[in-house]
Amino acid sequence: MQPFITLLNEELLNTIRKLHMPETLKQSMMYSLEAGGKRIRPLLIFATLEGFGMDGKTGLPVALSVEMIHTYSLIHDDLPSMDDDDLRRGKPTNHKVFGEAMAILAGDGLLTYSFQLLSEIPSDVVSCEKKLALIRELAKASGPEGMVGGQVADLEGENRTVDLSQLQTIHGNKTGKLLTFCVKAGAILAGADRETTEKLEQFAHHIGLAFQIRDDILDVEGIPEKTGKNTGSDKIKKKSTYPSLLTLDGAKEKLNEHVFAAKKLLAELPLNTDKLETITDLIGSRDH
């Protein structure tokens, strides 16, 4: 799906370049957007649409919006008051280059503009009803009942032990809700029925947990040159992680369980799920 990633990367920067704003703010926003990344969330949108037999490019505005929200969350996560990280994707974090105040504002800009971008999709491309559904679902997934709430629970979980159920809830919100939105967005755009949409959401739940488990594993045994960030930070911050609760081998076993469950659900869907299966394998085996 490299052509989709190339198109997404180009459009992310073109979309920001054309906006009228202070130049420093523009450079700060673009700095984090052009740092790259796996682009898993946009790929899920494209792959879901293609599974329904649609042109993946139909989901480009939604993919741009999601990647902007994801990038804003990373900028804010890296701040000294949050995870206090110096590296992101192998480059100095945004606040190390532009200062804390500008990094906060760059994140704010990406978050708010993402919803403007969705609202401006032409109605002859996506109906007003579908646009409203996309905006509502993205707000839920990224807001206090989703990603932001999960980040709060993650912060409050530092320096104390949480059980496996609590950890899954934290990561289901912090990471899983936005991933789930991506496949649900594809279903909304395709006009999928409720049964298919619900099964896609169940699939996304499993890959969301698999994604986070793999993240936790990479923090233990990942290679910084590949992960693009320092490893061992979870242990330093005394965070509850899958390896700390289950051992490293236990975490790998749990990862495989979620990958298997995700693929089982894909096999039950009345779609061409080849690309969704490829993304599932990527999530389970990635090294960065």
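Source: prediction; values computed, not measured.

Rules used in this analysis
- Residues numbered from 1 in each chain as written.
- Predicted model: local features only at pLDDT ≥ 70, side-chain atom pairs only at ≥ 80, totals over all residues.
- Heavy atoms only, no water.
- Buried < 20%, exposed > 50% of the residue type's maximum accessible area, 1.4 Å probe, protein only.
- Helix = DSSP H or I, 4+ residues; strand = E, 2+ residues; numbered from the N terminus.
- Contact = heavy atoms within 4.5 Å.
- 1 Å grid on protein atoms, 1.4 Å probe; cavity = no way out; pocket = protein on both sides within 12 Å on 5 of 7 lines; lining within 4 Å.
- Points joined across faces, edges and corners; volume = space filled by probe spheres on them.
- Axes fitted to C-alpha atoms, helices over the stretch in contact; angles between N-to-C directions.
- Parallel < 35°, antiparallel > 145°, perpendicular 65-115°, else oblique.
- Salt bridge = Lys/Arg side-chain N within 4 Å of Asp/Glu carboxyl O.

Quick word on helix α2 (residues 23–33)
So, step 1. With 8 of 11 residues buried, α2 is to be regarded as a mostly interior element.
So, step 2. Considered for burial, the residues of α2 that qualify are L25, K26, S28, M29, M30, Y31, S32 and L33.
So, step 3. At its buried positions, α2 is contacted by α1 (2–17), α4 (60–77), β2 (91–92), α5 (94–98) and α6 (100–119).

Considerations on empty space enclosed by the protein
So, step 1. This model, assessed by the stated rule, comprises 3 cavities of 30 Å³ or more.
So, step 2. In this structure, the largest cavity occupies an estimated 100 Å³ of space.
So, step 3. For the largest cavity, the lining is made up of 13 residues, of which S32, A35, D78, R88 and N94 are closest to its centre.
So, step 4. Breaking the lining of the largest cavity down by element, the ones donating at least two residues are α2, α4 and β2.
So, step 5. Counting residues per element, the lining of the largest cavity draws most heavily on α4, at 3 residues.

Describing the packing of helix α14 (residues 248–267) against helix α15 (residues 274–285)
So, step 1. Where α14 contacts α15, the two axes come as close as 10 Å, and the packing angle between them is 175°. Classed by the angle they form, the pair α14 and α15 counts as roughly antiparallel. Side by side, α14 and α15 meet where L255, V259, A262, K263 and L266 of the first sit next to L276, E277, T280, D281 and G284 of the second.

Here we look at the pattern of salt bridges
Side chains bearing opposite charge may pair, as long as their charged atoms lie close to each other.
So, step 1. For the structure on display, the rule yields 14 salt bridges.
So, step 2. The shortest N-O distance in the salt bridge between K275 and E50 comes to 2.4 Å. With K275 in helix α15 and E50 in helix α3 (residues 40–51), this residue pair connects regions lying 225 residues apart in the sequence.
So, step 3. Overall, E50 belongs to the partly exposed group, its relative accessible area being 24%.
So, step 4. One salt bridge connects K252 with E221, and the closest N-O pair in it is separated by 3.3 Å. Linking K252 in helix α14 with E221 in helix α10 (residues 194–221), this pair joins segments that are 31 residues apart in sequence.

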